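Examining the three-dimensional arrangement
So you can see what is in the structure, the chains are spelled out below.
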Amino acid sequence: MDVKKIVTDSAPRPVGPYPHARRVGDLLFVSGMGPRRPGTDDIPGGPVRDAEGKPRNYDIAAQTRSTIDNISAVLTASGSSLAAVVDVTAFLIDMERDFVTFNRVYGEYFAAIGPTRTTVEVRALPTPIAVELKVIAWTG
């Protein structure tokens with residue numbers, strides 16, 4: 001079976017020892033991706049906490065758009081696209097605060113495509129972000 005690691009400068013660097021994606025046959029497994037900008041690690045919509053760890057107001061719509069744009073960059077570098085996404089796992093740090101807006105922005109990108117999705121609330125993510133997505137896409 002054909003297995004290939006995918007790493008691209010078009011997406012933010014991984015925060016651990018893993019590739020952006022791994023292609024196995026006709027499936028592409030994209031690692032969890034957040035909104036950080038490639039090259040700068042800036043967080044569109046602002047970080048969820050300041051340097052002292054105190055909560056900050058942030059823009060979940062901006063973070064969601066940037067996260068999906070980062071996923072799109074990895075898919076493009078892998079020879080795929082958002083249109084080929086078959087499954088999404090979404091992680092939110094505050095379901096009550098963010099779900100409605102997240103879901104609206106998510107729908108702008110994925111409603112017509114119709115991938116399956118699971119959305120869960122988590123206590124925290126590895127960087128001070130509010131959303132992370134993990135996707136599986138078809139490349140065949």
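Residues numbered from 1 in each chain as written. Predicted model: local features only at pLDDT ≥ 70, side-chain atom pairs only at ≥ 80, totals over all residues. Heavy atoms only, no water.

Attention shifts here to the overall build of the chain. Counting its regular elements, the chain contains two helices and six strands. Relative to the compact-globule value of 14 Å for 140 residues, the chain shows a C-alpha radius of gyration of 15 Å, a close match. Here the C-alpha coordinates of the chain stretch approximately 45 × 30 × 20 Å along the principal axes. Taking all 140 residues of the chain together, the buried fraction comes to 39%. Long-range pairs, those at least 24 residues apart, make up 68% of the contacts in the chain between residues at least 6 apart in sequence. Entry remark: accessible area of the chain is about 7200 Å², with carbon and sulfur atoms responsible for 52%. Looking at the chain, you have 16 positive and 16 negative side-chain charges, and the mean spots of the two groups are 3 Å apart. (Helix = DSSP H or I, 4+ residues; strand = E, 2+ residues; numbered from the N terminus. Rg over C-alpha atoms; globule rule 2.2 N^0.38 Å. Buried < 20%, exposed > 50% of the residue type's maximum accessible area, 1.4 Å probe, protein only. Contact = heavy atoms within 4.5 Å. Areas by Shrake-Rupley, 256 points an atom, 1.4 Å probe, with all protein chains shown as cover. Lys, Arg positive; Asp, Glu negative; His and termini not counted. Charge placed at Lys NZ, Arg CZ, Asp CG, Glu CD.)

All right, on to the pattern of salt bridges then. Per the stated rule, a full pass over the model turns up five salt bridges. In this structure, D41 and R13 form a salt bridge, with 2.7 Å as the shortest nitrogen-oxygen distance. Placement of D41 in the loop between β3 (27-33) and α1 (60-77) and of R13 in the loop between β1 (3-6) and β2 (21-24) is noted, with a sequence separation of 28 residues between them. For R104, the salt bridge goes to E108, with nearest N and O atoms at 3.4 Å. (Salt bridge = Lys/Arg side-chain N within 4 Å of Asp/Glu carboxyl O.)

This part is about the packing of α1 against helix α2 (residues 95-110). α2 packs onto α1 with a crossing angle of 40 degrees between their chain directions and a minimal axis gap of 9 Å. In this structure, α1 meets α2 at a crossing whose hand is right-handed. When α1 is examined against α2, the residues I60, A61, T64, R65, I68 and D69 are found in contact with a partner set consisting of R97, D98, T101, F102, R104, V105, Y106, E108, Y109 and F110. Looking at side-chain class alone, the contact of α1 with α2 contains eight nonpolar, two polar and six charged residues. (Axes fitted to C-alpha atoms, helices over the stretch in contact; angles between N-to-C directions. Left-handed = near helix turned anticlockwise from the far one by under 90°. Nonpolar A, V, L, I, M, F, W, Y, C, P; charged D, E, K, R; others polar.)

The strand order across the open sheet formed by six strands is β1-β2-β3-β6-β4-β5, and the pairing between neighbours is mixed. The open sheet has two free edges, formed respectively by β1 and β5 (116-121), since each of these has just one partner strand. The mean angle between the axes of side-by-side strands here comes to 10 degrees, regardless of whether they run parallel or antiparallel. Pairing geometry for β2 and β3, over four bridges, is antiparallel. (Pairing = 2+ DSSP bridges.)

Glancing now at the nonpolar core. Membership of the largest hydrophobic core comes to 27 residues, with the highest contact counts inside it found for V30, I71, L75, V85 and F102. Taken together, the elements giving at least two residues each to this core come down to β3, α1, β4 (85-92), α2 and β6 (131-138). With five residues, α1 is the largest single contributor of residues to this core. Other than its neighbours up to four places away in sequence, V30 contacts H20, A21, I71, V74, L75, K134 and V135. (Core = buried A, V, L, I, M, F, W, Y, C linked by side-chain atoms within 4.5 Å.)

With 18 residues, α1 extends 26 Å from end C-alpha to end C-alpha; this agrees with the ideal 26 Å at 1.5 Å per step. Within α1, the full set of buried residues consists of I60, A61, Q63, T64, S66, T67, I68, N70, I71, A73, V74 and L75. Residues of α1 that are buried make contact with β2, β3, β4, α2 and β6. Between the side-chain oxygen of the N-cap and the backbone nitrogen of A61 there are 3.0 Å, and the N-cap of α1 in question is D59. Residue G79 follows α1 closely and has a positive phi angle near 85 degrees. (Expected span 1.5 Å × (residues − 1). Polar contact = N/O pair within 3.5 Å; in protein donor to acceptor, adjacent residues only side chain to side chain.)

Functional significance is not addressed by these values, which are geometric in nature.
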